[in-house]
Structure formats: structure tokens, C-alpha cells
Amino acid sequence: MYQKKLFDNIDTRILKALQRNGRLQNNELANEIGLSNSACLRRVNLLEESGVIDGYVALLNPKKVNCNIIVYALGTFAEESPELKEKFIFEIKLIPQILECHFMSGTYDFLLKCCVADLEEFNHLKAVYLNSHIGIKNLKSEITLKTVKSTTELPL
């Protein structure tokens, strides 16, 4: 498969290493990549300044923080109104159980990835927040049974 190169080999290796372990100290990263500490730091700073590296996070184990169920909710809007979509966006951003929200083309207008402790919590979320007051007409939910692959690493 052909893939256009966006970065040189060194930047790609830096990005892959940081995606695997964002806590690498500069000297560890430089050693792994085969650069001097100053050259490595300069490259990382350029990747941060250009927005390629968006930030650094700690990835939590969902089960350890009572996030036992992942639910994907597909929905449609009651009407095509810019004001209603803005209200929807504003409200969705306030709900901590919603990890992702994507506007879609096709049968559904949006896709939500929700993380809840149990089905009761998701039912409450649907009843109280994911309803017509933010413009939702229909909502279909799919509950994951088993996660086979979950990664934050983007292909480079």
C-alpha cells in the first residue's frame, strides 16, 4: 500500500515512540531514536509547535474507574437547524460520559461513544440528556460485548 510521507524517518520514529510512551524523558527518547539530546528536543519542540503533537495524556484503565460499558449511540436530528446543532454541540460537550461525538453522512446524523458504569446509567443519560430538548429525534444504541482492539496510536 502506497502512503505519502508526511515526515522524515526521524520524526516518524519520534512520533511512534511518543505514541507508545508519552512519558519518555528526552534523553530516553534521544537514545531510542539515535539522536543527541539537543537535536531530539529541538525536533519534539517543532512537532509540538506545528500542532502535530496535540498534547500528552494519561490513559486510564476503564474498568478501574467504573467505566464498565461502552455504548455507541447513533442518532438523527429532528430538523436541520444551525441553531439546534449548536445547542446539541454545546450540551454534548458538557456530558462527561460522552467520550466522542462525530457528525456523520449517511443514515445517521451523529455517532456518540459513551462510557458508563452500567445500563442504568446509560438509560439515565438517554432519558435526561439525549432527547428532544437538544434536537434529537431518534437514538439507536449499540453496546459492546468485548473490545478486541483499542489503540490511540495513529498509523504513520
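Residues numbered from 1 in each chain as written. Predicted model: local features only at pLDDT ≥ 70, side-chain atom pairs only at ≥ 80, totals over all residues. Heavy atoms only, no water.

As annotated in an unreviewed UniProt entry, the protein chain is Carbamate kinase from Haemophilus pittmaniae.

### Side note on the overall build of the protein chain
A count of helical and extended segments in the protein chain gives five helices and four strands. Starting at the N terminus and ending at the C terminus, the protein chain contains elements arranged as α-α-α-β-α-β-β-α-β. Against the 2.2 N^0.38 benchmark of 15 Å for 156 residues, the protein chain shows a C-alpha radius of gyration of 20 Å, more extended than a compact globule. Projecting the C-alpha coordinates of the protein chain onto the three principal axes gives extents of approximately 55 × 35 × 30 Å. A burial count over the protein chain gives 29% of its 156 residues as buried. Summarising the internal contacts of the protein chain: among those between residues at least 6 apart in sequence, 64% fall at separations of at least 24. When the accessible area of the protein chain is evaluated, it comes to approximately 11,100 Å², of which 52% is carbon and sulfur surface. For the protein chain, the distance from the average site of its 19 positive side-chain charges to the average site of its 19 negative ones is 8 Å. (Helix = DSSP H or I, 4+ residues; strand = E, 2+ residues; numbered from the N terminus. Rg over C-alpha atoms; globule rule 2.2 N^0.38 Å. Buried < 20%, exposed > 50% of the residue type's maximum accessible area, 1.4 Å probe, protein only. Contact = heavy atoms within 4.5 Å. Areas by Shrake-Rupley, 256 points an atom, 1.4 Å probe, with all protein chains shown as cover. Lys, Arg positive; Asp, Glu negative; His and termini not counted. Charge placed at Lys NZ, Arg CZ, Asp CG, Glu CD.)

### Brief notes about the state of the cysteines
With the rule as written, the count across this model stands at one disulfide. Each sulfur in the disulfide pair Cys67 and Cys115 lies 1.3 Å from the other. In this pair, Cys67 is assigned in the loop between helix 3 (37-49) and strand 1 (69-77) and Cys115 in strand 3 (residues 110-116), connecting sequence segments 48 residues apart. The buried category is assigned to Cys67, whose relative accessible area is 7%. (Disulfide = S-S within 2.5 Å.)

### Some words on the environment of Glu86
Turning to its location among the elements, Glu86 is positioned in helix 4 (residues 82-93). The spatial distance from the C-alpha of Glu86 to the C-alpha of Asn123 is 24 Å, given a sequence separation of 37 residues.

### Quick word on the sheet that holds strand 2 (residues 98-103)
Two pairing modes exist for strands in a sheet, parallel and antiparallel, and in both the strands are linked by backbone hydrogen bonds. As summarised here, the arrangement of the four strands in space is 2-3-1-4, forming an open sheet in which the pairing is antiparallel. The open sheet terminates on both sides in strands that have one partner only, identified here as strand 2 and strand 4 (136-143). Taken pair by pair, the neighbouring strands of this sheet meet at an average axis angle of 20 degrees, ignoring direction. Across the sheet, helix 4 touches strand 1, strand 2, strand 3 and strand 4, and the angle it forms with strand 2 is around 160 degrees. Packed onto the sheet, helix 5 (residues 119-128) meets strand 1, strand 3 and strand 4 and runs at close to 140 degrees relative to strand 3. (Pairing = 2+ DSSP bridges. Axes fitted to C-alpha atoms, helices over the stretch in contact; angles between N-to-C directions.)

### Quick notes on the domain arrangement of the protein chain
Parsing the protein chain into structural domains produces domain 1 (7-48) and domain 2 (60-141). Each of domain 1 and domain 2 has a C-alpha centre, and these two points are 37 Å apart. (Domains from an automatic or database assignment.)

### Observations regarding the packing of aromatic side chains
Throughout the structure, instances matching the rule amount to five aromatic pairs. Look at Phe77 and Phe88: their rings are 4.9 Å apart centre to centre, the planes differ by 90 degrees, and that puts the pair in the edge-to-face class. Of the two residues, Phe77 is situated in strand 1 and Phe88 in helix 4; the sequence distance between them amounts to eleven residues. Taking the relative accessible area as the measure of exposure, Phe88 reaches 0% and is therefore buried. Three or more aromatic residues joined by ring pairs make a cluster, and in this case those are Phe77, Phe88, Phe103 and Phe110. Directly above the ring of Phe103 sits Lys85, whose terminal nitrogen or CZ lies 5.5 Å from the centroid. (Phe/Tyr/Trp six-rings, centres within 6.5 Å; stacked < 30°, edge-to-face > 60°. Lys NZ or Arg CZ within 6 Å of the ring centre and 35° of its normal.)

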